[in-house]
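In case you want the letters, here they are:
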Amino acid sequence: MIRVIPCLDVDRGRVVKGVNFVDIRDAGDPVELAARYDAEGADELVVLDITATHEERDTIVHLVERTAEEVFIPFTIGGGLRTEEDIRAVLAAGADKVSLNSAAVRDPDLVERAAMRFGDQCIVVAIDAKRRTDGTGWEVYLAGGRRETGIEAVAWAAEATRRGAGELLVTSMDRDGTQVGFDTDLLAAIADAVPVPVIASGGAGTLAHFAEAVTKGRADAVLAASVFHDGVYTIGEVKAAMARDGVPVRR
Amino acid sequence: MTHAGGAPVVALLDYEMSNLRSAAKALERLGARVHVAVRPADALGCDAVVLPGVGRFGAAMERLETLGFVGMLREAAGGGTPILGICLGLQLLMDGSEESPDVPGLGLVPGRVVRLRTERKVPHIGWSEVHWRDGVPLAPDGGGPADRTYYFVHSYACVPDDPDDILGTADHGGSFVAAAARGSVAGVQFHPEKSSASGLALLGRWLDGVRTRLAVPA
């Protein structure tokens, strides 16, 4: 079955970006929102910590502990994890997986060490990619699309998996926030190059886009933030549309 | 051990190969009292044992052996104590695994653990429907497909020697064993503590079995 995954951006323990649910008491509380998505039928959650300073990392560990007490679906923590110790702390607090982005690019060996120590299944490597203008593939970006790396995304996806990534979270920087649809060329190129599941991210706008990420992009899971937070679609509506298009989902 | 208000006391084995928080919270929500056991003595007098597990078969058996849990689990099984293995915890109940061919398993359910035979992606990560055999323990009574669908994360699956030990199967480009049991020992390949309502319901049924056993005078 194809997983549908809402993503929460969290800063200093609070959800940022508008969350527009009528019956949420505190739209800023990630745990309340996570429990709501669980009840709505989300298959997994990704919590992205965008807290800038390392000193506030304790907040995220506490958030993970609270989430693990209230939410009975798998959740991945990403953002700012730099060391094995950072990873150990959030896994011990109750996260099921960690998502590594910049740290993995800067120190690919970290993927290998973390996979050996904690198991491949809990190491997700997040890849932010932008189409190269010269047509030679996709460029890996860091820092939310601000920093170019000179690394080609499909090659990096293959290397990250060789080093032990159990899953890839692939975000198209060209499409992120545009709501014009996932970059299915990018997704398919990566999905065909790696033996592990690919989570599609960036660009979801219409209900048809979610199935396209799977049928054209060959993704194993679809992730979105604003269409869910803004109440544009419920998880149930997305799943019903995917099922209509022949994509197997849990309902 | 006393059973205040009929709450079964469950020993949750902590051998540093799993995150225990979700399993503990799920069992507590269902009315169990959870004792996190870091050594066999911590589990003394408990009504039932949960053996979780994530990671590699060989490393997990080594930790269980070092901490003295291997002997404890075999004794508990011999005495008819309900034991539930989760994910790698199910695999550890078997005789051995392709993942670590030189390391013997607990041998509580005869059979082997093999790598998933599939053209599909491995690890198998995600939700799959379990096809329960009729009338087996742990199987849901009625309900729709969502009530039989659980969250899996694994690259290996067990193959019990005796087909009667298989409770249910699931599919990932080929059928694999999703749940198995022998005597008081049972295990599920999926993560009930991560499977939302259907998973909590499964743990609830297992706890009901523990309660039923307690209600029978020794």
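See the structure printed just above.
Residues numbered from 1 in each chain as written. Chains lettered and ligands numbered in written order. Predicted model: local features only at pLDDT ≥ 70, side-chain atom pairs only at ≥ 80, totals over all residues. Heavy atoms only, no water.

(A) Up close: the overall build of chain B. Secondary structure assignment for chain B yields five helices and 13 strands. The globule rule puts the C-alpha radius of gyration for 218 residues at 17 Å, and the 16 Å found for chain B is close to it. In terms of principal-axis extent, the alpha carbons of chain B reach across some 50 × 40 × 30 Å. Counting over 218 residues, chain B shows a buried share of 56%. (Helix = DSSP H or I, 4+ residues; strand = E, 2+ residues; numbered from the N terminus. Rg over C-alpha atoms; globule rule 2.2 N^0.38 Å. Buried < 20%, exposed > 50% of the residue type's maximum accessible area, 1.4 Å probe, protein only.)

(B) Inspection of the overall build of chain A at higher detail. When you go through chain A residue by residue, the secondary structure sums to 10 helices and 11 strands. For 251 residues, the compact-globule estimate of 2.2 N^0.38 gives 18 Å, and the C-alpha radius of gyration of chain A, at 17 Å, lies within 12% of that figure. Dimensions along the principal axes, computed over C-alpha positions, put chain A at roughly 45 × 45 × 30 Å. Split into buried and exposed, the 251 residues of chain A put 59% on the buried side. Accessible surface, chain A: about 9600 Å² in total, of which carbon and sulfur atoms supply 48%. Across chain A, the mean location of the 28 positive side-chain charges is 2 Å away from that of the 42 negative side-chain charges. (Areas by Shrake-Rupley, 256 points an atom, 1.4 Å probe, with all protein chains shown as cover. Lys, Arg positive; Asp, Glu negative; His and termini not counted. Charge placed at Lys NZ, Arg CZ, Asp CG, Glu CD.)

(C) Focus on the sheet that holds strand 2 (residues 33–37) of chain B. Residue and element names in this part refer to chain B. An order of 2-1-3-4-13-12-11-8 is seen for the eight strands of this open sheet, with the pairing classed as mixed. On the outer flanks of this sheet lie strand 2 and strand 8 (131–132), each paired with one strand and no other. Here helix 5 (residues 196–215) sits on the sheet in contact with strand 1 (9–13), strand 3 (48–51), strand 4 (83–86), strand 8 and strand 13 (185–188), set at roughly 150° to strand 3. (Pairing = 2+ DSSP bridges. Contact = heavy atoms within 4.5 Å. Axes fitted to C-alpha atoms, helices over the stretch in contact; angles between N-to-C directions.)

(D) Local environment of the packing of aromatic side chains. Here the structure, examined in full by the defined rule, presents nine aromatic pairs over all chains. Judged by centre distance (5.8 Å) and plane angle (65°), the rings of B:Trp127 and B:Tyr151 are edge-to-face. Within this pair, whereas B:Trp127 is found in strand 7 (residues 124–129), its partner B:Tyr151 is found in strand 9 (residues 149–154), the two being separated by 24 residues in sequence. Between the NZ or CZ atom of A:Lys130 and the centre of the ring of A:Tyr141, over which it lies, the distance is 4.4 Å. We note A:Arg250 situated over the ring of B:Trp127; from NZ or CZ to the ring centre the distance is 3.6 Å. (Phe/Tyr/Trp six-rings, centres within 6.5 Å; stacked < 30°, edge-to-face > 60°. Lys NZ or Arg CZ within 6 Å of the ring centre and 35° of its normal.)

(E) Representation of the pairing of strand 5 (residues 97–100) of chain A. Residue and element names in this part refer to chain A. Along strand 5, one buried face is formed by Lys97 and Ser99 and the opposite face, lined by Val98 and Leu100, is buried too. Both strand 4 (residues 75–78) and strand 5 contribute to a ladder of three bridges, which runs parallel. Within the sheet, the bridge partner assigned to Gly78 lies in strand 5 and is Ser99. Note that the unit made of strand 4, helix 3 (residues 84–93) and strand 5 has a crossover that is right-handed. (Right-handed = clockwise from strand over helix to strand, strands pointing away.)

(F) Representation of the side chain of B:Lys194 within the structure. Its place among the elements puts B:Lys194 in the loop between strand 13 and helix 5. B:Lys194 sits in the buried class, given a relative accessible area of 2%. Side-chain polar atoms of B:Lys194 contact the side chain of B:Ser22, separated by 3.2 Å. Those residues in contact with B:Lys194, other than ones at most four positions away along the chain, are A:Val71, A:Phe72, A:Ile73, A:Pro74, A:Phe75, A:Gly94, A:Asp96, B:Ser22, B:Trp127 and B:Tyr151. (Polar contact = N/O pair within 3.5 Å; in protein donor to acceptor, adjacent residues only side chain to side chain.)

(G) Representation of helix 2 (residues 57–66) of chain B. Residue and element names in this part refer to chain B. Looking only at helix 2, the buried set comprises Phe57, Gly58, Ala60, Met61 and Leu64. Looking straight down helix 2, one finds that the buried residues subtend no more than 165° of arc, so they occupy a single side. Opposite the packed face of helix 2, turned more than 90 degrees from it, sit the exposed residues Glu62 and Thr66. On its buried side, helix 2 packs onto strand 3, helix 3 (69–78), helix 4 (88–92), strand 5 (96–97) and strand 6 (111–115). (Arc of directions from axis to C-beta.)

(H) Inspection of the environment of A:Glu159 at higher detail. For A:Glu159, the position within the fold is in helix 6 (residues 153–162). Residues A:Glu159 and A:Ala193, 34 residues apart in the sequence, show an inter-C-alpha distance of 10.0 Å.

(I) Structural context of the nonpolar core. A:Leu168, A:Phe210 and A:Met242 are the most contacted members of the largest nonpolar core, which totals 81 residues. By size, the runner-up hydrophobic cluster in this structure holds 40 residues, among which are B:Val10, B:Ala32, B:Leu167 and B:Leu203. (Core = buried A, V, L, I, M, F, W, Y, C linked by side-chain atoms within 4.5 Å.)

(J) Just the packing of helix 8 (residues 207–215) of chain A against helix 10 (residues 235–244) of chain A, in detail. All names here are of chain A. Running from N to C, helix 8 and helix 10 point in directions that differ by 55°, and their axes come no closer than 8 Å. The orientation of helix 8 relative to helix 10 falls into the category oblique. For the pair helix 8 and helix 10, the crossing hand works out as right-handed. Mapping the contact onto sequence places Leu207, Phe210, Ala211 and Val214 in helix 8 and Glu237, Val238, Ala241 and Met242 in helix 10. Split by residue class, the contact of helix 8 with helix 10 holds seven nonpolar, no polar and one charged. (Parallel < 35°, antiparallel > 145°, perpendicular 65-115°, else oblique. Left-handed = near helix turned anticlockwise from the far one by under 90°. Nonpolar A, V, L, I, M, F, W, Y, C, P; charged D, E, K, R; others polar.)

(K) Looking closely at the interface of chain B and chain A. Contacts between chain B and chain A engage 25 residues on the former and 36 residues on the latter. Our count for the contact surface shared by chain B and chain A stands at six salt bridges. Between B:Arg56 and A:Asp120 there is a salt bridge, and its shortest N-O distance comes to 3.6 Å. Applying the counting rule to chain B against chain A returns 12 residue pairs in polar contact (both at pLDDT 80 or more). Counting residues per element, the ones that place at least two in the side of chain B that touches chain A are helix 1 (21–29), strand 7, strand 9 and helix 5 of chain B. Broken down by class, the residue content of the side of chain B that touches chain A amounts to 10 nonpolar, seven polar and eight charged. (Salt bridge = Lys/Arg side-chain N within 4 Å of Asp/Glu carboxyl O.)

(L) Molecular detail of the pattern of salt bridges. On inspection of all chains with the given rule, the structure shows 34 salt bridges over all chains. Here A:Glu44 ties to A:Arg3 by a salt bridge, and the two come within 2.6 Å at their closest N and O atoms. Of this pair, A:Glu44 sits in the loop between helix 1 (30–40) and strand 3 (45–49) while A:Arg3 sits in strand 1 (residues 3–11), placing them 41 residues apart in sequence. Across the pair A:Glu65 and B:Arg21 runs a salt bridge, and its minimum N-O distance is 3.9 Å. With one member in each of two chains, A:Glu65 in helix 2 (residues 57–70) and B:Arg21 in helix 1 form a pair that bridges those chains. Linked through salt bridges whose partners overlap, the residues forming this network are A:Glu84, A:Asp107, A:Asp109, A:Glu112, A:Arg113, A:Arg117, A:Glu159 and A:Arg163.

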